[in-house]
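One-letter residues, chain by chain:
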Amino acid sequence: LSLSLSLSLSLLCFAAERIEMELSLSTSSASPAVLRRQASPLLHKQQVLGVSFASALKPSGALRFRSRRPLHRPITCTASPSTASPSTASPTSEVKKKQLDRRDNVRNIAIVAHVDHGKTTLVDSMLRQAKVFRDNQVMQERIMDSNDLERERGITILSKNTSITYKNTKVNIIDTPGHSDFGGEVERVLNMVDGVLLVVDSVEGPMPQTRFVLKKALEFGHAVVVVVNKIDRPSARPEFVVNSTFELFIELNATDEQCDFQAIYASGIKGKAGLSPDDLAEDLGPLFEAIIRCVPGPNIEKDGALQMLATNIEYDEHKGRIAIGRLHAGALRKGMDVRVCTSEDSCRFARVSELFVYEKFYRVPADTVEAGDICAVCGIDDIQIGETIADKVHGKPLPTIKVEEPTVKMAFSVNTSPFSGREGKYVTSRNLRDRLNRELERNLAMKVEDGETADTFIISGRGTLHITILIENMRREGYEFMVGPPKVINKRVNDKLLEPYEIATVEVPENHMGPVVELLGKRRGQMFDMQGVGSEGTTFLRYKIPTRGLLGLRNAILTASRGTAILNTVFDSYGPWAGDISTRDLGSLVAFEDGTSTSYALASAQERGQMFVGAGVDVYKGQIVGIHQRPGDLGLNICKKKAATNIRSNKDVTVVLDTPLTYSLDDCIEYIEEDELVEVTPLSIRMCKNPKMAKKGR
């Protein structure tokens, strides 16, 4: 009996040692992403991919050792190209290797992030440290935001190309917009790159637009380097941000290789980066090294037939249309005859007159461009975004660019007010049609349709900001026209009316949270997440809300929170019709005769509400001159003068007028109702009642 017991005990010990050895071997061979899914204590308590992990198995020694590691190893990237030995390569991989080569001296990356997370500031520091400018050269801040409108609003609207050279490797960098309304720019740009820098704020963490751009990047299969920016903020919480980003990867069904992302901690404004939040280098060297190591070079068909997808269009007064894109196969030479294809059937011939590549901050002429590089092509006057520049004989088109459908529409029409033609240079419907068709050539996410009348056009876009930027650009170019209120684009599926829903994220101080929650509830918003943030005393609220409820919401939230709330939205999906939503409780004050406003009339008119105009301003019948303090519109005469008779004194009584409200173009578009219009001219922005709707009302 004692012999059998000792024998069984020795067998059990041997089996335990064997199991532990196999477990340690399998653990060491598993990818770090798999280990993090198994060993991360944060993810055991949360619901991942629909499976609730309430508890975890007790890990063995090897697993327990690995769970003490930091969340991300700053050593290798599984997204980098594999270096398998030739002896282990399969025959199929050898065939693919013959077809596609990897170019190691070029990296193509896009910098994507939520709005105001510091993309353009980070690019500034990268350009300075790569010695793009002279040491004594004076450069403005946010140099990539070259558009006047971008500088005024402090946002990026158009994606732009530049390049730097680091250790004999050319890095093509594309700066992208952060607003969800300009998501079409991001979708186009991702066709040109092999990896992305996902910039995330060290306090806010992943936001709605972060989710959108990351989803698109993962769908393309791009390598992702996560940059936790603004790490020098007092309330920075880098560990939470990295864990939240990792959870976002899992929610978006990323592969194990994509989940094994490199995390870089940086301060874009100071130009510092590091592999640890507590140990930053004096420059952005760790970030440049991560780009070279983690983002693979472009896969090219060096000896194949020429293929280049036109991803962006620019216009030059001397060179005409310039097509920008990445060369996928072959080589492109100056003066080369090419075939321009939309599909296999529709092709035409053209000749490349000039060729440019991006070096540092400028476009530099080139005679030849090899596959894998990003270049600009001149000489093809009718080139469109999504078309392929291919070999004249053997060229085949690449798949066209697809972007998501628009969700908001607005009506543009010829200015019919009594003041039409006073300030604008282009006022006819033909001018309006030509300008809108030109916009379609480079703005893929926008659509233009004919309206009910010959002088009306329906413009569809990703959001009100998307269309407002177009209106502002046209106004500055000398166009004069009228704009109707924004409306959502509904769908009907199986006889059910569906409308677009968006995810709204509101950052608001705790003491103003009550009015904001009440306001979002009135607009059919459903809260699904609420969390406090650090020591700054702010709360994050996440809502799923109909797009109709967001129209005019931004100003209302600022009023309710005394200007402290920050609202961010991104399109989610189409859902059932939510019912009626009241967007404005108060009516308008409307002028009922033409003339010039007087202080005498405004003194009594301002008791009825807040005025938009001051004394001495020309107004016309039907113009909106203020906000009524009650529901419903009220007609006013703000042009009447004090009667000058023998009985009354001719001396004007001193009148104290309130300062009139100054509404911007965005404010006016948010304010107007169904029966109102915004009159847009190069010098003025006015609101008026729609005369056609008034006739129908009678």
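Residues numbered from 1 in each chain as written. Predicted model: local features only at pLDDT ≥ 70, side-chain atom pairs only at ≥ 80, totals over all residues. Heavy atoms only, no water.

Colleague: I keep staring at the overall build of the protein and nothing clicks. Help me out?
Modeller: Regarding its fold elements, the protein presents 20 helices and 39 strands. Buried positions account for 49% of the 698 residues belonging to the protein. Here the analysis covers contacts within the protein between residues at least 6 apart in sequence; of these, 71% occur between residues at least 24 apart. By element, 51% of the accessible surface of the protein is carried by carbon and sulfur atoms, the whole surface being about 34600 Å². (Helix = DSSP H or I, 4+ residues; strand = E, 2+ residues; numbered from the N terminus. Buried < 20%, exposed > 50% of the residue type's maximum accessible area, 1.4 Å probe, protein only. Contact = heavy atoms within 4.5 Å. Areas by Shrake-Rupley, 256 points an atom, 1.4 Å probe, with all protein chains shown as cover.)

Colleague: Is there a simple way to think about the packing of aromatic side chains in this case?
Modeller: Describing an aromatic ring pair means giving the distance of the ring centres and the angle of the ring planes. Summed over all chains, the structure comprises nine aromatic pairs. Aromatic side chains Phe419 and Tyr620 sit 5.0 Å apart centroid to centroid with 85° between the ring planes, which places their arrangement in the edge-to-face category. Of the two residues, Phe419 sits in the loop between β22 (408-414) and α13 (429-442) while Tyr620 sits in the loop between β35 (618-619) and β36 (624-628), which places them 201 residues apart along the sequence. In this structure, Phe419 and Tyr620 share a single accessibility class: buried. A connected cluster of aromatic rings, assembled from ring pairs, spans Phe612, Tyr663 and Tyr671. Positioned above the aromatic ring of Tyr501 is the side chain of Lys544, whose terminal nitrogen or guanidinium carbon lies 5.6 Å from the ring centre. (Phe/Tyr/Trp six-rings, centres within 6.5 Å; stacked < 30°, edge-to-face > 60°. Lys NZ or Arg CZ within 6 Å of the ring centre and 35° of its normal.)

Colleague: Before we go on, may I ask you to explain the state of the cysteines in this structure?
Modeller: Should the sulfur atoms of two cysteines be covalently bonded, the bond is a disulfide. Considering all chains together, one arrives at one disulfide under this definition. Bridging Cys341 to Cys347, the disulfide has an S-S length of 2.4 Å. The sign of the S-S torsion, about 115°, decides the handedness of the disulfide formed by Cys341 and Cys347: right-handed. Overall, the relative accessible area of 0% leaves Cys341 in the buried class. (Disulfide = S-S within 2.5 Å.)

Colleague: Explain the sheet that holds strand β15 (residues 337-341) here, please?
Modeller: Strand pairing in a sheet takes place through backbone hydrogen bonds and is either antiparallel or parallel in direction. If you trace the eight strands from one edge of the open sheet to the other, you get β16-β15-β21-β12-β13-β20-β17-β18, paired in antiparallel fashion. Across the chains shown, the open sheet's two edge strands, defined by having one partner strand only, are β16 (347-351) and β18 (362-365). Here the average twist between neighbouring strands, direction ignored, is 40°. Pairing analysis gives five bridges linking β15 to β16, with the strands arranged antiparallel. Paired with Val340 across the bridge in β16 is Arg348. (Pairing = 2+ DSSP bridges. Axes fitted to C-alpha atoms, helices over the stretch in contact; angles between N-to-C directions.)

Colleague: I tried to follow the pattern of salt bridges on my own but got confused; where do I start?
Modeller: Following the criterion strictly, the structure yields 31 salt bridges and no others. The salt bridge partner of Arg686 is Glu423, with a shortest N-O separation of 3.5 Å. In this pair, Arg686 sits in strand β39 (residues 685-689) while Glu423 sits in the loop between β22 and α13, placing the two residues 263 residues apart along the sequence. Judged by relative accessible area, which is 26%, Glu423 ranks as partly exposed. With its nearest N and O atoms 2.9 Å apart, the salt bridge here joins Arg686 to Glu679. Judged by relative accessible area, Arg686 falls into the buried class, the value being 14%. With relative accessibility at 0%, the residue Glu679 sits in the buried group. (Salt bridge = Lys/Arg side-chain N within 4 Å of Asp/Glu carboxyl O.)

Colleague: Teacher, can you tell me more about the sheet that holds strand β7 (residues 195-201) here?
Modeller: Spatially, β5-β6-β4-β7-β8-β9-β10 is the arrangement adopted by the seven strands of the open sheet, whose pairing is mixed. Every other strand in the sheet has two partners, leaving β5 (160-166) and β10 (272-274) as the edge strands with one partner each. Between one strand axis and the next, the sheet turns by 30° as a mean value, whatever way the strands run. Where strand β8 (residues 223-229) meets strand β9 (residues 262-267), four bridges bridge the pair, whose relative direction is parallel. Bridging from a neighbouring strand, Val226 pairs with Ala263 of β9. Each of β4 (106-113), β5, β6 (169-175), β7 and β8 is contacted by helix α6 (residues 119-129), which is oriented at about 145° to β4, the strand it contacts most. Where helix α12 (residues 285-294) meets the sheet, its contacts fall on β4, β5, β6, β7, β8, β9 and β10, and the angle it forms with β9 comes to roughly 155°.

Colleague: Quick question: what am I supposed to make of the environment of Leu198 here?
Modeller: Examined against the element boundaries, Leu198 turns out to sit in strand β7. In this view, Leu198 contacts Val112, Thr210, Val213, Leu214, Val224, Val225, Val226, Val227 and Thr245; residues no more than four positions away in its chain are not counted.

Colleague: Can you walk me through the nonpolar core in this structure?
Modeller: Taken as a class, soluble globular proteins show a tendency for nonpolar side chains to be buried jointly. Within the largest apolar cluster, 41 residues are counted, with the highest numbers of intra-cluster contacts made by Leu198, Leu214, Val224, Val226 and Phe249. The element best represented in this core is helix α10 (residues 238-251), accounting for six residues. Residue contributions to this core reach at least three from each of two domains, namely domain 1 (101-297) and domain 2 (301-390). The residues touching Phe249, leaving out its near neighbours within four places in the chain, are Leu214, Leu218, Val224, Val226, Ala254, Gln258, Cys259 and Phe261. By size, the runner-up hydrophobic cluster in this structure holds 36 residues, among which are Val619, Tyr671, Val678 and Val680. (Core = buried A, V, L, I, M, F, W, Y, C linked by side-chain atoms within 4.5 Å. Domains from an automatic or database assignment.)

Colleague: Please explain α12 as it appears in this structure.
Modeller: Every α-helix carries 3.6 residues per turn, so stepping three or four residues along brings you back to the same face. When you tally the buried positions in α12, you get seven out of 10 residues, the bulk of the element. Within α12, burial applies to Gly285, Pro286, Leu287, Phe288, Ala290, Ile291 and Cys294.

Colleague: I'm lost on the packing of helix α9 (residues 208-220) against α10 in this one. Help?
Modeller: The axes of two packed helices give the description: the angle between them and the distance between them. Remark: α9 packs on α10, axes separated minimally by 10 Å, with the N-to-C direction vectors making an angle of 50°. With respect to each other, α9 and α10 are oriented oblique. Crossing of α9 against α10: the hand is right-handed. Residues Thr210, Arg211, Leu214 and Leu218 of α9 form the contact with α10, whose participating residues are Leu248, Phe249 and Glu251. For the contact of α9 with α10, the residue count by class is four nonpolar, one polar and two charged. (Parallel < 35°, antiparallel > 145°, perpendicular 65-115°, else oblique. Left-handed = near helix turned anticlockwise from the far one by under 90°. Nonpolar A, V, L, I, M, F, W, Y, C, P; charged D, E, K, R; others polar.)

Colleague: What should I look at first to understand unusual backbone geometry in this one?
Modeller: Across the chain, the bulk of peptide bonds are trans and the bulk of non-glycine residues have phi less than zero. Residues other than glycine seldom take positive phi values, yet Lys167 does so here, at roughly 50°. Position of Lys167 relative to the elements: it lies in the loop between β5 and β6. With a relative accessible area of 59%, Lys167 lands in the exposed category. Of note in the backbone geometry, Asp495 takes a positive phi value of approximately 60° without being a glycine. If you trace the backbone, Asp495 turns up in the loop between β27 (491-493) and β28 (496-509).

Colleague: So what exactly am I meant to see when it comes to the packing of α6 against α12 here?
Modeller: With their axes 11 Å apart at the nearest point, α6 and α12 run at an angle of 90° to one another. In terms of their interaxial angle, α6 and α12 are classed as roughly perpendicular. Contact with α6, carried on its side by Leu122, Met126 and Gln129, involves Leu287, Phe288 and Ile291 of α12 and no other residues of that element. Residues of the contact of α6 with α12, tallied by class, amount to five nonpolar, one polar and no charged.

Colleague: Help me understand the pairing of strand β20 (residues 374-378) in this model?
Modeller: Successive residues of a regular strand alternate their side chains across the two faces of the sheet. Counting buried residues in β20 gives five out of five residues, a clear majority hidden from the surface. Burial along β20 is two-sided: Ile374, Ala376 and Cys378 facing one way and Cys375 and Val377 facing the other are all buried. Sheet topology places strand β13 (residues 320-329) next to β20; five bridges connect them, and they run antiparallel. Residue Ala323 lies in a different strand from β20, and its bridge partner there is Val377. Here strand β17 (residues 354-359) pairs with β20 via four bridges, running antiparallel. Bridge pairing in β20 places Phe356 opposite Ala376.

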